[in-house]
Amino acid sequence: MSETTHDSAVAMSAPPSPDDGLPAGELARKYGLAVSGARPPLGEYAQQLWARRHFILAFSRAKLTAQYSKAKLGQVWQVATPLLNASVYFLIFGVLMQQSKGLGIRTYIPFLVTGVFVFTFTQSSAMAGVRAISGNLGLVRALHFPRAALPISFALQQLQQLLYSMVVLFLFLLGFGHLPKLTWLLIVPVLVLQFCFNTGLAMILARAGSKTPDLAQLLPFITRTWMYASGVMYSLTDALQKAKAPAWVVDVLSANPAAVYIDLMRWSLIENHSKIHLPPHVWALAVGWALLFGVGGFVYFWKAEEQYGRG
């Protein structure tokens with residue numbers, strides 16, 4: 001220790017610290033410090049999500065309840081909205097454009113309602129996913145939790161809404177003479193696969209939307225185009241064949257994920273199977289899309305975990 005004298009005052013200088021000159025990373029490791037909000041390994045991240053499964057379910061239920069809380073009809077709109085859409089499409093495509101001719105009214109109306117309900121599930125999951133982070137910045141910045149919980153909970157909210165709509169769909173099927181049969185049991189694996197696909201899509205869009213909020217304004221135009229390319233209101237294969245589209249165009253559009261899940265649901269529920277054109281290897285496509293988007297979307301979202309809520 002050294003002493004210096006200045007104006008009768010004695011100044012004592014501290015000895016040099018052993019930490020002087022250490023890089024920040026080494027200093028943090030020496031004292032067991034970790035970066036706040038650092039991305040955990042993928043396996044640990046999945047475990048954290050599972051530990052918060054009750055929060056995810058409760059959050060999705062709360063969002064579903066609050067969605068129409070200010071409307072006089074309340075939760076009735078969960079079913080009324082897709083039904084009104086189906087009514088408009090029936091007027092335009094079924095009556096004015098005579099798309100129901102090849103199927104007949106008894107098949108066309110359940111065909112149309114099934115397509116609208118199933119596509120709405122994917123469309124709503126995408127729209128909710130793109131705002132999952134950017135629309136909940138207060139929650140993201142205030143609490144520490146795996147951010148993937150948000151897009152997953154929004155996809156789960158849309159699944160619950162679809163299940164309410166399925167009750168109305170069953171009434172339509174019964175009303176038009178499509179009685180329950182063993183193939184109705186196939187709607188369970190179809191919904192599971194579609195939910196995996198939707199959740200992965202929601203996570204991909206959540207990451208993209210967190211950096212580019214304007215994507216939420218563009219997405220409705222993309223999903224509307226996707227709807228027309230998925231045969232929601234008409235038989236996609238018949239329409240393409242009438243337009244003399246090349247065979248590869250028919251195959252590509254028939255294999256798009258929305259069309260695959262819609263066709264599988266229609267084939268499972270509607271009695272006249274011969275009027276539902278399934279693409280080749282349809283179950284392989286359904287599983288493939290679910291795995292590609294479900295696993296790929298999860299990894300893609302996880303890779304940006306440290307960035308959400310920053311800036």
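Overview of the structure. Chains are numbered independently. Their residues run from 1 in the order of the written sequence. Per-residue local features are limited, in this predicted model, to residues with pLDDT of at least 70; the limit for side-chain atom pairs, both in listing and counting, is 80 or more; totals at the level of whole chains, interfaces and linings are taken over all residues. As a convention, hydrogens and water are excluded, and side-chain values are obtained from all of the structure's heavy atoms.

Turning to the overall build of the chain, a few remarks are in order. For the chain, the helix and strand inventory stands at 13 helices and 2 strands. Think of it in three bands: with a 1.4 Å probe and only protein chains considered, a residue is buried below 20% of the maximum accessible area for its type, exposed above 50%, and partly exposed in between. The burial tally for the chain puts 44% of its 311 residues in the buried class. Restricting to contacts in the chain with at least 6 residues of sequence separation, those with at least 24 account for 77%. Note on areas: these come from Shrake-Rupley sampling with a 1.4 Å probe, and a residue is covered only by the protein chains present in the view. Within the structure as shown, the chain displays about 16,500 Å² of accessible surface, and the carbon and sulfur contribution to it stands at 66%. Counting from the N terminus, the helices are the DSSP runs of H or I reaching at least four residues and the strands are the DSSP runs of E reaching at least two. The contact criterion used throughout is that any non-hydrogen atoms of two residues lie within 4.5 Å.

Before going further, it helps to examine helix H13 (residues 282–302). In this model H13 runs 30 Å from its N-terminal to its C-terminal C-alpha over 21 residues, within 8% of the 30 Å that 1.5 Å per residue would give. Every buried residue of H13 is accounted for by Val-282, Ala-286, Ala-290, Phe-293, Gly-294, Gly-297, Phe-298, Phe-301 and Trp-302. Looking straight down H13, one finds that the buried residues subtend no more than 145° of arc, so they occupy a single side. Turned more than 90 degrees off the buried face of H13, the exposed positions are Ala-284, Leu-291, Leu-292 and Val-295. Here the expected span of a helix is defined as 1.5 Å times the quantity of residues minus one. In this description, one arc is meant: the one made by directions from the helix axis to the C-beta atoms.

Here we come to the packing of aromatic side chains. Two rings belonging to Phe, Tyr or Trp (six-membered ring only in the last case) form a pair when the distance between their centres is within 6.5 Å. Interplanar angles under 30 degrees mark stacking, angles over 60 mark edge-to-face geometry, and anything in between is tilted. Scanning the model with the defined rule gives 13 aromatic pairs in all. Aromatic pair Phe-170 and Trp-184: ring centres 5.4 Å apart, planes at 15°, arrangement stacked. Taken together, the residues span a long stretch of sequence, with Phe-170 in helix H7 (residues 149–175) and Trp-184 in the loop between H7 and helix H8 (187–211) at a distance of 14 residues. Note on Phe-170: relative accessible area 26%, which makes it partly exposed. In this structure an aromatic cluster arises from ring pairing among Phe-119, Phe-197, Trp-226, Tyr-261, Trp-289 and Phe-293. Look at NZ for Lys and CZ for Arg. If either is within 6 Å of the ring centre and within 35 degrees of the ring normal, a charge sits over the ring. Lying across the ring of Phe-111, Arg-266 places its NZ or CZ 3.5 Å from the centre.

Let us look at helix H12 (residues 257–269). It helps to recall that an α-helix has 3.6 residues per turn; residues three or four apart then point in one direction. Taking 1.5 Å of rise per residue, 13 residues should cover 18 Å, and H12 covers 19 Å from first to last C-alpha, within 8% of that figure. Within H12, 12 of the 13 residues are buried, which leaves it mostly tucked inside the rest of the structure. Considered for burial, the residues of H12 that qualify are Pro-257, Ala-258, Ala-259, Val-260, Tyr-261, Ile-262, Asp-263, Leu-264, Met-265, Arg-266, Ser-268 and Leu-269. The secondary structure elements touched by the buried residues of H12 are helix H5 (105–130), H7, H8, helix H9 (215–228), helix H11 (247–254) and H13. By the criterion applied in these results, polar contacts are pairs of N or O atoms within 3.5 Å in which, for protein atoms, one can donate a hydrogen and the other can accept it, and in which residues neighboring in sequence qualify only through two side-chain atoms. The N-terminus of H12 is capped by Asn-256, whose side-chain oxygen sits 3.1 Å from the backbone nitrogen of Ala-258.

These results come straight from atomic positions and should not be treated as a statement about function.
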